[in-house]
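An overview of the molecular structure
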Amino acid sequence: MADAKSKIVPSGAGMSAPLRGMNTLSSLRMLGIMVGLAASVAIGVAVVLWAWTPTYSILYGDLAEKDASQVMDSLQQMGINYKVDTASGAVMVPAKDLHQARMKLASAGLPKGTGVGFEGIAGEQGFGTSQFMETARYYRAIEVELARSIMTLNNVENARVHLAIPKQSVFLRNQNKPSASVLINLYPGRNLEDPQVDAIAHMIAASVPNLEPARVTVIDQKGRLLSGKQHDAEMALSKGQFEYTQALEKNFAQRIANILTPIVGEDGVRAQVVADIDFTVTEQTQELYNADSPALRSEQTIIEQAGGAGGVGGVPGALSNQPPGAATVPETQAVQGGAAQASADSGRTNKRSTQNYELDKTISHTRSAPGRLQRVSVAVVIDDRLTEAGKRRAHTPEEIERLTLLVKEAVGFDAQRGDSVSIINTSFKMQEQAEPLPEPGIMEQPWFWDAVKMALGGAAVVLLILGVLKPLMRNLAEKAPAVPAGGIAYVTAGGEQIALPGEMEARRLGSPTKSYEQQVDEVRTMVNNEPQLVANIVKQWVAAED
């Protein structure tokens, strides 16, 4: 046995069959298998990471760099994951956190929108900044601030303001009036009422000197003109009158519903009211005198008296210097002369009296207020009564009469005005119960696609294991040499193979590719270094021969 050549072959005991099979492969084939295993592991890890990555949705798109930075800082403080799309620059968050992120950012006032307001003026200006640039920057700041104010409205998502302010001239006749235009982007399904549009126009007009509300144009994102309506005072008055009439009719209808609901039920009454209102404005001025009780206020009496003994009189001139008339009889002359003397002696008296009386005078100026109710027409429809047995029956005429009296009292019925009240009893058509809104499909749920990704990732990993790794390991196991129980390596001596004990590891005996001389040298070294182990081996050989 000493002369026989002995060859020690490591058996790979303690190794699995695939590893022993790999030891029998060539270096090139082993390298290919290692590369394939590494690639399979990498693919498996990538699939698992992809499956566990949540689905991202766009939070905000087309943001300015400053707004995007503020949004990302806020998301980081809130603990919400985010990423930025490299293609569009949009900020994206997990689909399950989309609404929560938007509400939290809205409460923080983000995003603030593009543009720089008056905070841009506070910055340092260049040394060579011209007056034109300063004016343009100032007007631009006003536009941004006005746009921010408009965006505070609930229905407005975004807004832009453009001001056209001409250069003022020193000549009054050449003065040009400024104008403004507003572009409003509304939320989906939202609209602006006419009073809101007028409020926007008045706000902008009050913010720019010499700007009139009529010169402010407001349009929406669909190109519809919102402010190009009639600004005539009469039309505005008519609109106010219509709104007043509607409010009054609604008030009357609500009164009727409130008084009849406890009797016929909440859904058992329908009422409509038509009010005829006179908006004519009448002004009247009237003066009234009371002639029954006059009072003497003042009296003035003038008496003029002239005496008979007067001097020479007459009109000087040729008319009075006339020859005497014809001669008369002396008796006649005496009589005429006596009458003239008596008239001259008696003279004349003139008496005038003026009396002023004070009368009661009333001056009244009456201006009737507009909105005088001329006539009210009421139409009421009531449903049938529901009996205790659950059946419906019509109201009796007595019941209709009592309900009519209640309605008349509720609206202030006045027969002299020509008011009318009509109540009709009819069976209401039962409204079909509205079908509930369909629940979102399973594919529309935010967790659906995450579950699909996880399922696909798991299936890919299972396919990789069963389709690649398992066949490869089975192939390597089939090529592995058999190992006796309890043996680690074979020692060939004279054509016989003897198994070494478990303590003799194959790594100590070297590689089977080494030459016979090298293996013998290793065995000798082992005998010198571990004689106890070698003695145990020899004992096993002897026991095996016996």
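Predicted model only: the values in this text are computed from it and were never measured.

Comments concerning the nonpolar core
Among the nonpolar cores identified, the biggest contains 23 residues, and Ile150, Val182, Ile184, Leu192, Ile204, Val216 and Val218 are the most heavily contacted of them. Among the secondary structure elements, those contributing two or more residues to this core are helix H5 (131–151), strand E5 (156–164), strand E6 (179–186), helix H6 (194–207) and strand E7 (216–220). Excluding residues that lie within four positions of it along the chain, Ile150 makes contacts with Val156, Ala159, Val161, Val182, Ile184, Ile200, Met203 and Ile204. Among the nonpolar cores identified, the runner-up in size contains 21 residues, and Val269, Val273, Val376 and Val407 belong to it.

A word on unusual backbone geometry
The phi torsion at Asn210 lies on the positive side, around 65°, for a residue other than glycine. Within the secondary structure layout, Asn210 lies in the loop between H6 and E7.

A word on the confidence of the model for the chain
Of the residues in the chain, 71% have a pLDDT of 70 or more, and the chain-wide mean is 75. Every residue in residues 332–344 scores below 50 in pLDDT, and together they form four contacts with partners more than four places removed in sequence or on other chains. A low-confidence stretch, residues 483–510 stays under pLDDT 50, and its non-local contacts, those more than four residues away or across chains, total 80 contacts.

Concerning a nonpolar patch on the surface
Side chains of Leu28, Leu31 and Val35 sit close together on the surface and give an oily, nonpolar patch of about 330 Å² of accessible area. Residue classification places Leu28 among the exposed positions, given a relative accessible area of 70%.

Details of the sheet that holds strand E2 (residues 56–60)
Strand pairing in a sheet relies on backbone hydrogen bonds, with the paired strands running either antiparallel or parallel. The three strands are arranged E2-E4-E3 in an open sheet whose pairing can be described as antiparallel. In this open sheet, the two edge strands, each paired with only one partner strand, are E2 and strand E3 (83–84). In this structure, E2 lies alongside strand E4 (residues 91–94), joined through four bridges in antiparallel fashion. Residue pairing for E4: Ser57 is matched across the bridge by Val93. Here helix H4 (residues 98–107) sits on the sheet in contact with E2 and E4, set at roughly 20° to E2.

Considering the packing of aromatic side chains
Evaluated as defined, the whole model comprises two aromatic pairs. Aromatic pair Tyr138 and Tyr139: ring centres 5.7 Å apart, planes at 50°, arrangement tilted. Judged by its relative accessible area of 29%, Tyr139 falls in the partly exposed class. Ring centres of Tyr244 and Phe279 lie 6.0 Å apart, and the angle between their planes is 80°; on these two criteria the pair is classed as edge-to-face. Here Tyr244 is found in helix H7 (residues 233–264), whereas its partner Phe279 is found in the loop between strand E8 (269–278) and strand E9 (283–306), with 35 residues between them in sequence. We classify Tyr244 as partly exposed; its relative accessible area is 41%. Classification of Phe279 as partly exposed rests on a relative accessible area of 21%. One cation-aromatic arrangement involves Lys408 over Phe413; the distance from NZ or CZ to the ring centre is 4.7 Å.

Points about the sheet that holds E5
Spatial ordering of the open sheet is given by E5-E6-E7, a layout of three strands whose pairing is mixed. A strand with exactly one partner marks an edge of an open sheet, and here the two such strands are E5 and E7. When the angles between neighbouring strand axes are averaged without regard to direction, this sheet yields 15°. Bridge analysis of E5 against E6 gives eight bridges, and the strand direction is antiparallel. Bridge pairing in E6 links Arg160 to Leu183. Lying over the sheet, H5 contacts E5 and E6, oriented at roughly 150° with respect to E5.

Quick look at the pattern of salt bridges
Applying the stated criterion across every chain, the model contains 10 salt bridges. Two residues, Arg385 and Glu399, come together in a salt bridge whose shortest N-O distance is 2.9 Å. Here Arg385, found in strand E12 (residues 385–386), pairs with Glu399, found in helix H9 (residues 397–411); they are 14 residues apart in sequence, far enough to count as distant. Under the relative-accessibility criterion, Arg385 is labelled partly exposed at 35%. Taken together, the salt bridges that share partners define one network made up of Arg385, Arg393 and Glu399.

A word on the side chain of His395
Looking at where His395 falls in the secondary structure, it is placed in the loop between strand E13 (392–393) and H9. Polar side-chain contacts of His395 include one of 3.1 Å to the side chain of Glu399. Setting aside its immediate chain neighbours within four residues, His395 contacts Val264, Ile382, Asp383, Asp384, Arg385, Ile400 and Asn425.

Side note on the packing of H5 against H6
Two elements in contact, H5 and H6, have axes whose closest approach is 11 Å; the angle formed by their N-to-C orientations is 150°. By the criterion of interaxial angle, the relationship of H5 to H6 is roughly antiparallel. The chirality of how H5 crosses H6 is right-handed. Counting all contacts with H5, which are made through Leu146, Ser149 and Ile150, the residues of H6 involved are Ile200, Met203, Ile204 and Ser207. When grouped by side-chain class, the residues that make up the contact of H5 with H6 number five nonpolar, two polar and no charged.

Calculation criteria
Residues numbered from 1 in each chain as written. Predicted model: local features only at pLDDT ≥ 70, side-chain atom pairs only at ≥ 80, totals over all residues. Heavy atoms only, no water. Core = buried A, V, L, I, M, F, W, Y, C linked by side-chain atoms within 4.5 Å. Buried < 20%, exposed > 50% of the residue type's maximum accessible area, 1.4 Å probe, protein only. Helix = DSSP H or I, 4+ residues; strand = E, 2+ residues; numbered from the N terminus. Contact = heavy atoms within 4.5 Å. pLDDT = per-residue confidence, 0-100. Patch = residues over 30% accessible without salt bridge, like charges linked within 9 Å, V, L, I, M, F, W, Y side chains within 5 Å. Areas by Shrake-Rupley, 256 points an atom, 1.4 Å probe, with all protein chains shown as cover. Salt bridge = Lys/Arg side-chain N within 4 Å of Asp/Glu carboxyl O. Pairing = 2+ DSSP bridges. Axes fitted to C-alpha atoms, helices over the stretch in contact; angles between N-to-C directions. Phe/Tyr/Trp six-rings, centres within 6.5 Å; stacked < 30°, edge-to-face > 60°. Lys NZ or Arg CZ within 6 Å of the ring centre and 35° of its normal. Polar contact = N/O pair within 3.5 Å; in protein donor to acceptor, adjacent residues only side chain to side chain. Parallel < 35°, antiparallel > 145°, perpendicular 65-115°, else oblique. Left-handed = near helix turned anticlockwise from the far one by under 90°. Nonpolar A, V, L, I, M, F, W, Y, C, P; charged D, E, K, R; others polar.

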